[in-house]
Amino acid sequence: QAELVESGGGLVQAGGSLRLSCAASGRAASRYAMGWFRQAPGKEREFVAAIIWSVGTSYYADSVKGRFTISRNYAENTEALQMNSLKAEDTAVYYCAAKSSSVNLNRADSYDFWGQGTQVTVSS
């Protein structure tokens, strides 16, 4: 049973917007923090954003700061990534992740749960 399920990827023109969502269930629902990572072909998985579930404090990679916004919905047990002013270099598979501590929020290897990924393609 998948514990993190992403949705909302797709194809968009440069300058456009997309909203990704991630639904948590099972053990992943008891997370301290949730994050978004992305991986482009031939590149390593990189940190995009993270949010502390209880207080909503958010963190961003410099490359997306001011363009992307991470949020969480307590009632629906979901998190979202609103992506505006998209660029061709934002093209990647985006992954939702969850972890049980506050350390190393920008390190992929510190996360306990991962979604299956959703493709985001930005055409220039």
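Criteria and thresholds
- Residues numbered from 1 in each chain as written.
- Predicted model: local features only at pLDDT ≥ 70, side-chain atom pairs only at ≥ 80, totals over all residues.
- Heavy atoms only, no water.
- Helix = DSSP H or I, 4+ residues; strand = E, 2+ residues; numbered from the N terminus.
- Buried < 20%, exposed > 50% of the residue type's maximum accessible area, 1.4 Å probe, protein only.
- Pairing = 2+ DSSP bridges.
- Disulfide = S-S within 2.5 Å.
- Core = buried A, V, L, I, M, F, W, Y, C linked by side-chain atoms within 4.5 Å.
- Contact = heavy atoms within 4.5 Å.
- Axes fitted to C-alpha atoms, helices over the stretch in contact; angles between N-to-C directions.

1. Examining unusual backbone geometry
For step 1, the next point in the chain: With a phi close to 50°, Ser-85 is a non-glycine residue in the positive phi region.
For step 2, the next point in the chain: Positionally, Ser-85 belongs in the loop between strand 8 (78-83) and strand 9 (92-99).
For step 3, the next point in the chain: Phi at Asn-104 takes a positive value of approximately 50°, unusual for a residue other than glycine.
For step 4, the next point in the chain: Considering the arrangement of structural elements, one finds Asn-104 in the loop between strand 9 and strand 10 (113-114).

2. A look at the pairing of strand 9
For step 1, the next point in the chain: Among the eight residues of strand 9, seven are classified as buried, and the element is accordingly described as predominantly covered.
For step 2, the next point in the chain: In this structure, strand 4 (residues 33-39) lies alongside strand 9, joined through seven bridges in antiparallel fashion. Paired with Phe-37 across the bridge in strand 9 is Tyr-95.
For step 3, the next point in the chain: Bridge count for strand 9 against strand 11 (residues 118-123) is three bridges, and the pairing is antiparallel. When the sheet's bridge partners are listed, Ala-92 is paired in strand 11 with Val-120.

3. Describing the state of the cysteines
For step 1, the next point in the chain: Considering all chains together, one arrives at one disulfide under this definition.
For step 2, the next point in the chain: A sulfur-sulfur distance of 2.0 Å marks the disulfide that ties Cys-22 to Cys-96. Judged by the sign of its S-S torsion, about -75°, the cystine formed by Cys-22 and Cys-96 is left-handed. Of the two residues, Cys-22 sits in strand 3 (residues 18-24) while Cys-96 sits in strand 9, which places them 74 residues apart along the sequence. Cys-96 matches Cys-22 in its accessibility class, with the two residues each being buried.

4. What about the nonpolar core?
For step 1, the next point in the chain: Of all hydrophobic cores here, the largest spans 36 residues; its most connected members are Leu-4, Met-34, Trp-36, Leu-81, Met-83 and Tyr-94.
For step 2, the next point in the chain: Secondary-structure elements contributing two or more residues to this core are strand 3, strand 4, strand 5 (46-52), strand 7 (68-73), strand 8, strand 9 and strand 11.
For step 3, the next point in the chain: Top element by residues in this core is strand 5. It accounts for six residues.
For step 4, the next point in the chain: Ignoring sequence-local partners within four residues, the contact set of Leu-4 consists of Cys-22, Ala-23, Ala-24, Ala-28, Met-34, Cys-96, Ala-97, Ala-98, Phe-113, Trp-114, Gly-115 and Gln-116.

5. A look at the pairing of strand 1 (residues 4-7)
For step 1, the next point in the chain: Burial of strand 1 is one-sided: the residues Leu-4 and Glu-6 facing one way are buried, the residues Val-5 and Ser-7 facing the other way are not.
For step 2, the next point in the chain: In this sheet, strand 3 lies alongside strand 1 in antiparallel orientation, the contact comprising four bridges. Its bridge partner being in strand 3, Glu-6 is matched across the sheet by Cys-22.

6. Some details on the sheet that holds strand 3
For step 1, the next point in the chain: Spatially, the four strands line up as an open sheet ordered 1-3-8-7, and their pairing is antiparallel. Among the strands making up the open sheet, the edge pair consists of strand 1 and strand 7. On average, each strand axis in the sheet is tilted by 15° relative to the strand beside it, whichever way the strands run.
For step 2, the next point in the chain: As paired elements, strand 3 and strand 8 share six bridges and run antiparallel to each other. Residue Leu-20 lies in a different strand from strand 8, and its bridge partner there is Leu-81.

Interpretation note: all reported values are geometric properties and have no functional meaning in isolation.
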